[in-house]
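One-letter residues, chain by chain:
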Amino acid sequence: MTSAATRYLYLARHGEASADETTLTESGRRQASLLGERLRSTPLAAIHHGPLPRARQTAQLIGAQLGDVPLHQSEPAGDYIPHLPAKEELPPDAADAMLGFLAQVPEAERERGPALAREALAEFTGPVDGDRPRHELVVTHSFLIGWLVRAALDAPEWRWMGLNHGNAALTVIRYAPGRPSSVLVHNDMRHLPAELRWTGFPPELRI
């Protein structure tokens, strides 16, 4: 019989990106480096990151603070719509606005997203084989973080929407054998100074 151990999944949104999203801003680079400093005492076995430049650069800057932790590019860690809800799934008073938002997303992200989201669940969640806990970081985008958090809480599939995540903020989910998954930390920015917090959120949502 194969033994199972706890997985600790660390999720981080990329640092603040330039207007054309081809690189990180100076603030985004600082955010990534500060997150790397925070994670120095964490026994990370791997850093996974999406293929887009803002996620790759963030992962590289984090990795520079952590020594020899291997980096792995992963398409399921990319930027896409993880679930396309039907109107009847959504709250009646918000359905039209939510569907209108989704319609603005490029078709490729909407079509391929659900399959990639299933791959992300298979690759990044659940206990791990063996007898030692495993700590992994995924540097990704807000939509996937929302998807994985809602899955950890057994929330409806559409509920990835509305779970926003700040640039370089940290979320941690624990997957322990024989226990429900647990969101230990969500959208934590305490490693960032005040001027670097809440980027990636519209002004009215910054607290």
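Residues numbered from 1 in each chain as written. Predicted model: local features only at pLDDT ≥ 70, side-chain atom pairs only at ≥ 80, totals over all residues. Heavy atoms only, no water.

A.B. asks: Tell me about the environment of H14, and name the residues and values.
C.D. replies: Position of H14 relative to the elements: it lies in the loop between β2 (7–13) and α1 (26–38). Along the sequence, H14 and N167 sit 153 residues apart, while their C-alpha atoms lie 5.6 Å from each other. Ignoring sequence-local partners within four residues, the contact set of H14 consists of R54, A55, T58, V139, T140, H141, N167 and A168. (Helix = DSSP H or I, 4+ residues; strand = E, 2+ residues; numbered from the N terminus. Contact = heavy atoms within 4.5 Å.)

A.B. asks: Report on the nonpolar core, specifying residues and quantitative values.
C.D. replies: Core analysis: the biggest nonpolar cluster contains 27 residues, and L9, L11, L148, W160 and I173 have the highest contact counts within it. For this core, the secondary structure elements donating two or more residues are β2, α3 (95–103), α4 (107–124), α5 (142–152) and β7 (170–175). Sequence-distant contacts of I173, that is, excluding residues within four places in its chain, are made with R7, Y8, L9, L11, L148, V149, A152, S181, S182 and V183. (Core = buried A, V, L, I, M, F, W, Y, C linked by side-chain atoms within 4.5 Å. Buried < 20%, exposed > 50% of the residue type's maximum accessible area, 1.4 Å probe, protein only.)

A.B. asks: Can you break down α5 residue by residue, with the values?
C.D. replies: Here α5 lies mainly inside the structure; eleven of its eleven residues are buried. Among the residues of α5, S142, F143, L144, I145, G146, W147, L148, V149, R150, A151 and A152 are the ones counted as buried. Among the structural elements, β2, α3, α4, β6 (134–140), β7 and β8 (182–188) are those in contact with the buried residues of α5. Positive phi appears at D154, one or two residues downstream of α5, with a value of about 55°.

A.B. asks: Tell me about α1, and name the residues and values.
C.D. replies: Residue pairs spaced three or four apart in an α-helix point in one direction, given the helix's 3.6 residues per turn. With 13 residues, α1 extends 19 Å from end C-alpha to end C-alpha; this agrees with the ideal 18 Å at 1.5 Å per step. Here α1 has its buried residues at G28, Q31, A32, S33, L35 and G36. Residues of α1 that are buried sit in contact with β2, α2 (53–64) and β7. (Expected span 1.5 Å × (residues − 1).)

A.B. asks: Tell me about the pairing of β7, residues and numbers included.
C.D. replies: For a regular strand, side chains alternate in direction, first toward one face of the sheet and then toward the other. β7 sits mainly inside the fold: five of its six residues count as buried. Pairing of β2 with β7, which is carried by six bridges, proceeds in the antiparallel orientation. Pairing of L9 across the sheet is with I173, part of β7. As paired strands, β7 and β8 are joined by four bridges and run antiparallel to one another. Residue pairing across strands places I173 opposite V183, the latter belonging to β8. (Pairing = 2+ DSSP bridges.)

A.B. asks: Before we move on, could you go through the packing of aromatic side chains and cite the residues and values that matter?
C.D. replies: All chains considered together, the criterion is met by three aromatic pairs. When the centroid spacing of 6.1 Å and the interplanar angle of 85° are considered together, the rings of F101 and F143 count as edge-to-face. Here the residue F101 occupies a position in helix α3, and F143 occupies one in helix α5, the gap between them amounting to 42 residues. Three or more aromatic residues joined by ring pairs form one cluster here, namely F101, F143 and W160. (Phe/Tyr/Trp six-rings, centres within 6.5 Å; stacked < 30°, edge-to-face > 60°.)

A.B. asks: How would you sum up the pairing of β6? Please name residues and give values.
C.D. replies: Along β6, six of the seven residues are buried, which leaves the element largely enclosed by surrounding structure. Sheet topology note: the β2/β6 ladder contains seven bridges and is parallel. Residue pairing across strands places A12 opposite V139, the latter belonging to β6. Across five bridges, the pairing between strand β3 (residues 44–49) and β6 is parallel.

A.B. asks: Tell me what's going on with the packing of α1 against α2, and back it up with residues and numbers.
C.D. replies: The interhelical angle for the contact between α1 and α2, taken along N-to-C directions, is 40°, at an axis separation of 7 Å. As the angle between them shows, α1 and α2 are arranged oblique. The two elements α1 and α2 meet at a crossing, and its hand is right-handed. Taking contact as the criterion, the partners of R29, A32, S33, L35 and G36 in α1 are, on α2, T58, L61 and I62. Tallied by class, residues from the contact of α1 with α2 come to four nonpolar, three polar and one charged. (Axes fitted to C-alpha atoms, helices over the stretch in contact; angles between N-to-C directions. Parallel < 35°, antiparallel > 145°, perpendicular 65-115°, else oblique. Left-handed = near helix turned anticlockwise from the far one by under 90°. Nonpolar A, V, L, I, M, F, W, Y, C, P; charged D, E, K, R; others polar.)

A.B. asks: With reference to specific residues and values, describe the side chain of H49.
C.D. replies: Secondary-structure assignment places H49 in strand β3. Residue classification places H49 among the buried residues on the basis of a relative accessible area of 5%. Discounting residues that sit within four places of it in the chain, H49 has contacts with A55, R56, A59, L71, H72, Q73, S74, A77 and V139.

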